[in-house]
Amino acid sequence: LCPQLQRRGATARWEGRDLLEARHAELVDDWRSWRISNFDYLMQLNTLAGRSYNDLTQYPVMPWVLQDYTSHTLDLADPAVYRDLSKPVGALDAS
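Residues numbered from 1 in each chain as written. Predicted model: local features only at pLDDT ≥ 70, side-chain atom pairs only at ≥ 80, totals over all residues. Heavy atoms only, no water.

### Re the overall build of the protein chain
Stated precisely, the cut-off is as follows: By definition, any uninterrupted DSSP run of H or I lasting at least four residues is a helix, any uninterrupted run of E lasting at least two residues is a strand, and each is numbered from the N terminus. Partly exposed describes any residue whose relative accessible area lies between the buried limit of under 20% and the exposed limit of over 50%, with all areas from a 1.4 Å probe on protein chains only and scaled to the type maximum. Here a residue-residue contact requires only that any non-hydrogen atoms of the pair lie within 4.5 Å. What sets the accessible areas is the Shrake-Rupley method with a 1.4 Å probe; for residues, cover comes only from the shown protein chains.
Secondary structure assignment for the protein chain yields 3 helices and 0 strands. Shown N-terminal to C-terminal, the secondary structure of the protein chain runs as helices and strands in the order α-α-α. Burial status across the protein chain gives 15% buried among its 95 residues. Pairs at least 24 residues apart make up 7% of the contacts formed inside the protein chain by residues separated by at least 6 positions. Working note: accessible area of the protein chain is about 7800 Å², and carbon and sulfur atoms make up 57% of it.

### As for the pattern of salt bridges
Filter applied, for reference: By salt bridge we mean one thing: a side-chain nitrogen of Lys or Arg within 4 Å of a carboxyl oxygen of Asp or Glu.
Tallying each qualifying case throughout the model produces 4 salt bridges. A salt bridge links Arg23 to Glu26, with the nearest nitrogen and oxygen atoms 3.2 Å apart. A residue pair is termed a helical-turn pair when its members lie 3 or 4 positions apart in one helix, as Arg23 and Glu26 do in helix α2 (residues 10-32) at 3 residues. With a shortest N-O distance of 2.7 Å, Asp29 and Arg35 are connected by a salt bridge. When salt bridges that share partners are traced, they join Asp29, Asp30 and Arg35 into one network.

### As for helix α3 (residues 38-48)
Within the sequence span of α3, burial applies to Tyr41, Met43 and Asn46. Taken from the residues just after α3, Gly50 is the one with a positive phi, measuring 85°.

### Points about the environment of Met43
Turning to its location among the elements, Met43 is positioned in helix α3. On a C-alpha basis, the gap between Met43 and Met62 in space is 8.3 Å, while along the polypeptide they are 19 residues apart. Among all residues touching Met43, those that are not within four sequence positions of it are Tyr53, Pro60 and Met62.

### Here's the deal with the confidence of the model for the protein chain
This is how it is decided: Here pLDDT means the predictor's own confidence in every residue, given as a number from 0 to 100.
When pLDDT is averaged along the protein chain, the result is 82; 81% of the residues meet or exceed 70. Model confidence for the protein chain, summarised as mean pLDDT per element, is weakest for helix α1 (residues 3-7) at 51 and strongest for α3 at 92.

### So, unusual backbone geometry
The phi angle of most residues is negative, glycine excepted, and most peptide bonds adopt the trans form. Despite not being glycine, Trp34 shows a phi value in the positive range, around 65°. When you line up the elements, Trp34 lands in the loop between α2 and α3.

Given below as structure tokens:
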């Protein structure tokens with residue numbers, strides 16, 4: 001949160017949280033209405049979460065969605081190109 005909100009104490013924390021929730025709701029609405037791209041949505045979501053390129057421990061997070069890294073071209077309409085999103089990356093079969 002900004003320093004002005006931090007100085008005002010507990011009330012400011014709730015106001016800051018409300019501000020973040022309002023911005024997130026606006027962001028989701030923009031994404032659902034196709035006003036921003038998937039990439040822009042994820043980058044702005046990372047910014048709201050406090051992630052930054054300036055600190056490697058807080059680098060922006062992007063989802064890993066593909067599983068085919070050997071083909072020269074990808075058919076994005078083919079479900080076999082994508083990983084199983086119902087499982088975390090660590091639970092995927094290594095073969």
